[in-house]
Amino acid sequence: MQFIALKEDYSISGTLNPTNVQWNREYYECGTFSIQIPASQYREDMMYIYTKERTELGQIDKLNYKTESNGFRSLEISGFFIENELNDKLVHPQFSANGNIEDEVTRMVNTYKKDIPLLTVSESQSRGNNTVFTSNDGQLGDELYTALKQHEMSLSVDYDYASNTKTFSVWQGKDRTQSQNKNNPITFSTAFKNLIN
């Protein structure tokens with residue numbers, strides 16, 4: 001898997017050959033990433049980590065240098081996925097929701113996103129149930145995750161390098177439990193060898 005470091009303007013800073021990658025997707029909160037690269041690959045203008053194999057875009061928040069006993073210097077780059085950028089916005093003035101959850105969350109993002117670069121919002125498909133909630137002075141991303149969690153839904157901001165766009169959308173995972181018949185069920189078990197213990 002090839003990783004590319006992007007600058008603040010989303011142009012290429014350089015290609016990376018990581019020795020270790022952790023790409024941690026979350027459902028009810030913003031996911032995180034961590035990659036370890038040779039220190040010689042680092043450039044000061046790196047702001048984002050991108051790979052065409054994933055829709056997430058990592059935003060660099062932390063750098064940790066490490067020197068091995070053999071003198072090899074590496075750098076661990078870590079941070080949150082770009083959904084965390086929504087937390088740069090405060091829900092102010094107060095937002096009041098009364099309607100379909102996906103419609104209301106979409107309206108909320110459109111209300112407060114005005115200066116988030118490159119962000120477009122997918123049209124609501126009116127999924128989920130009706131809801132009533134009020135938000136005031138909270139961070140936009142956290143407020144969205146909280147509202148969606150009540151309906152077992154989540155959000156994503158997918159980055160498309162070719163079109164240089166970030167797209168906000170609401171989504172819901174598939175129910176794979178044994179008690180439903182809409183989707184193929186999945187069983188995790190040591191007998192099936194898809195769990196170690």
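Structure's up top.
Residues numbered from 1 in each chain as written. Predicted model: local features only at pLDDT ≥ 70, side-chain atom pairs only at ≥ 80, totals over all residues. Heavy atoms only, no water.

J.: Honestly, the sheet that holds strand S3 (residues 20-24) in this entry has me stumped. Any pointers?
T.: The strand order across the open sheet formed by seven strands is S2-S1-S5-S6-S7-S4-S3, and the pairing between neighbours is antiparallel. Looking at strand neighbours, the two that pair on one side only are strand S2 (12-16) and S3, the edges of this open sheet. Neighbouring strand axes in the sheet, compared pairwise and without regard to direction, differ in orientation by 30 degrees on average. In the sheet, S3 pairs with strand S4 (residues 32-38) via five bridges, with the strands oriented antiparallel. Following the sheet pairing, valine 21 is matched in S4 by isoleucine 35. (Pairing = 2+ DSSP bridges. Helix = DSSP H or I, 4+ residues; strand = E, 2+ residues; numbered from the N terminus. Axes fitted to C-alpha atoms, helices over the stretch in contact; angles between N-to-C directions.)

J.: Would you explain the environment of methionine 153 in this entry?
T.: Within the element layout of this structure, methionine 153 appears in the loop between helix H2 (140-149) and strand S11 (154-160). For methionine 153, a relative accessible area of 1% puts it in the buried group. Separated by 19 residues in the primary sequence, methionine 153 and glutamine 172 place their C-alpha atoms 4.6 Å from one another. Non-local contacts of methionine 153, meaning those with residues more than four positions away in its chain, are made with Tyr27, Tyr28, Ile101, Arg127, Gly128, Leu148, Val170, Trp171 and Gln172. (Buried < 20%, exposed > 50% of the residue type's maximum accessible area, 1.4 Å probe, protein only. Contact = heavy atoms within 4.5 Å.)

J.: In this structure, what is going on with a nonpolar patch on the surface? I would like to understand it.
T.: Taken together, the side chains of Ile186, Phe188 and Leu195 present a nonpolar region at the surface, about 300 Å² in accessible area. Note that leucine 195 resides in the segment after strand S12 (165-171). (Patch = residues over 30% accessible without salt bridge, like charges linked within 9 Å, V, L, I, M, F, W, Y side chains within 5 Å. Areas by Shrake-Rupley, 256 points an atom, 1.4 Å probe, with all protein chains shown as cover. Salt bridge = Lys/Arg side-chain N within 4 Å of Asp/Glu carboxyl O.)

J.: I tried to follow the pattern of salt bridges on my own but got confused; where do I start?
T.: Counted according to the given criterion, the structure contains six salt bridges. In this structure, aspartate 115 engages lysine 89 in a salt bridge whose closest nitrogen and oxygen atoms are separated by 2.4 Å. Residue aspartate 115 is located in the loop between helix H1 (101-112) and strand S9 (119-121), and its partner lysine 89 is located in the loop between strand S7 (73-81) and strand S8 (95-100); the two are separated by 26 residues in the primary sequence. Note that glutamate 102 is salt-bridged to arginine 127, the shortest N-O span being 2.9 Å. Taken together, the residues span a long stretch of sequence, with glutamate 102 in helix H1 and arginine 127 in the loop between S9 and strand S10 (130-135) at a distance of 25 residues. Using a relative accessible area of 2% as the deciding quantity, one classes glutamate 102 as buried.

Spatial relationships are all this shows, so hold off on functional conclusions.
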